[in-house]
Amino acid sequence: MTSAAPHGAADRELRAETTIAAPPEAVWKVLGDVRRMPELAPELVWMIPLRPGGLRPGQWYLGINRRKGVFWPTRSVVADVEEASTVSWDTRTSGARWIWELSQDGDGTRVVHRRPVPKRVTPVSVAFAKVFLGGVCGHADELEEGMAQSVARLKRAVEGG
């Protein structure tokens, strides 16, 4: 089962979760390979490292996103990496933190994907969403729906479905 929270304000914590029939190490093989992030996230086209050293705290990534005919870049900095457990990054252009958490759940793995906004959505992000994405709250709702798709895609990728 994959779930997402109800709709609401743009700066609310977005959340989606599922349970995958595999151990955390198997889930991490997909999730920890950032080259596969566009395969998981519906809005993400590319995720390009901007510094050498692989997935690690402090690593910078350039994200290229797409919604319908609109493309835009984001710059993210990895905040935390714990193999087979957690990866998170801060998207400086929006003010959001993207978090993936893995925990053992019987013979499987509980996956929680969250997007809190620690301070506030940035003014640039608000203006961009108003002009190009149909509004900030509507885009947050789309992001949360996309997160539910992401955890479902991760589940399929790991379970082989």
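Residues numbered from 1 in each chain as written. Predicted model: local features only at pLDDT ≥ 70, side-chain atom pairs only at ≥ 80, totals over all residues. Heavy atoms only, no water.

## Some thoughts on unusual backbone geometry
Cut-off, in case you're wondering: A helix here means a DSSP run of H or I that spans at least four residues, while a strand means a run of E at least two residues long, and both kinds are numbered starting from the N terminus. For each residue, the accessible area found with a 1.4 Å probe, counting protein chains only, is set against the maximum for its type, and the residue is called buried under 20%, exposed over 50%, and partly exposed in between.
At K68, a position not held by glycine, the phi torsion is positive, near 55 degrees. Secondary-structure assignment places K68 in the loop between strand 4 (60–67) and strand 5 (70–82). On the basis of relative accessible area, K68 is assigned to the exposed category, the value being 69%. For A84, which is not glycine, the phi dihedral falls at a positive 60 degrees. Assessed through its relative accessible area of 15%, A84 is described here as buried.

## Focus on helix 1 (residues 24–31)
Rules: By construction, the arc corresponds to the directions joining the helix axis to the C-beta atoms.
Listed in full, the buried residues belonging to helix 1 are P24, V27, W28, V30 and L31. One side of helix 1 carries all its buried residues, which in axial view fall inside an arc of 160 degrees.

## Quick word on the nonpolar core
Inclusion rule: We call a set of buried residues a nonpolar core when its members are Ala, Val, Leu, Ile, Met, Phe, Trp, Tyr or Cys and they connect through side-chain atoms within 4.5 Å of each other.
By size, the foremost hydrophobic cluster in this structure holds 39 residues, and its most contacted members are M37, W89, W100, V111 and L154. Of all the secondary structure elements, the ones that give two or more residues to this core are strand 2 (14–20), helix 1, helix 2 (37–40), strand 3 (44–49), strand 5, strand 6 (86–91), strand 7 (96–105) and helix 4 (136–159). For this core, the element with the highest residue contribution is helix 4, accounting for eight residues.

## Comments concerning the environment of I64
Just so we agree on the cut-off: Contacts were defined at the residue level, with two residues in contact if any of their heavy atoms lie within 4.5 Å.
Assignment of secondary structure puts I64 in strand 4. The class for I64 is buried, based on a relative accessible area of 17%. Remark: the alpha-carbon pair of I64 and A127, spanning 63 residues in sequence, is separated by 18 Å. I64 has contacts with E43, L44, V45, W46, F71, W72 and P73, leaving out every residue within four places of it along the chain.

## Quick look at the pairing of strand 5
We count it as follows: Paired strands, as defined in this entry, are two strands with at least two bridges between them according to DSSP.
Looking at chain direction, strand 4 and strand 5 are connected through eight bridges and run antiparallel. The residue bridging N65 from the neighbouring strand is W72, located in strand 5. Counting the residues between successive antiparallel strands, the hairpin from strand 4 to strand 5 contains two residues, one of them, K68, with a positive phi of roughly 55 degrees. Where strand 5 hands over to strand 6, the hairpin turn is made up of three residues, of which A84 adopts a positive phi near 60 degrees.

## Considering the confidence of the model for the chain
For clarity, the cut-off: Each residue carries a pLDDT score, the predictor's own confidence in it, on a scale running from 0 to 100.
Mean pLDDT over the chain works out to 88, with 90% of the residues at or above the 70 mark. Per-element mean pLDDT across the chain ranges from 44 in strand 1 (residues 3–4) up to 98 in helix 1. Confidence drops under a pLDDT of 50 for residues 2–7, and excluding neighbours within four residues, the segment shows 19 contacts in the predicted structure.

## With respect to the packing of aromatic side chains
Put simply, the test is: Side-chain rings of Phe, Tyr and Trp (the six-membered ring for Trp) are treated as a pair once their centres are within 6.5 Å; stacked means planes under 30 degrees apart, edge-to-face means over 60, and tilted covers the remaining angles. For a ring to carry a charge above it, either NZ of a lysine or CZ of an arginine must fall within 6 Å of the ring centroid while also lying within 35 degrees of the normal to the ring plane.
A complete count under the given rule lists zero aromatic pairs for this structure. In this structure, R51 packs its charged tip against the face of W60, placed 3.9 Å from the ring centre. The ring centre of W60 lies 4.7 Å from the NZ or CZ of R75, which sits over that ring.

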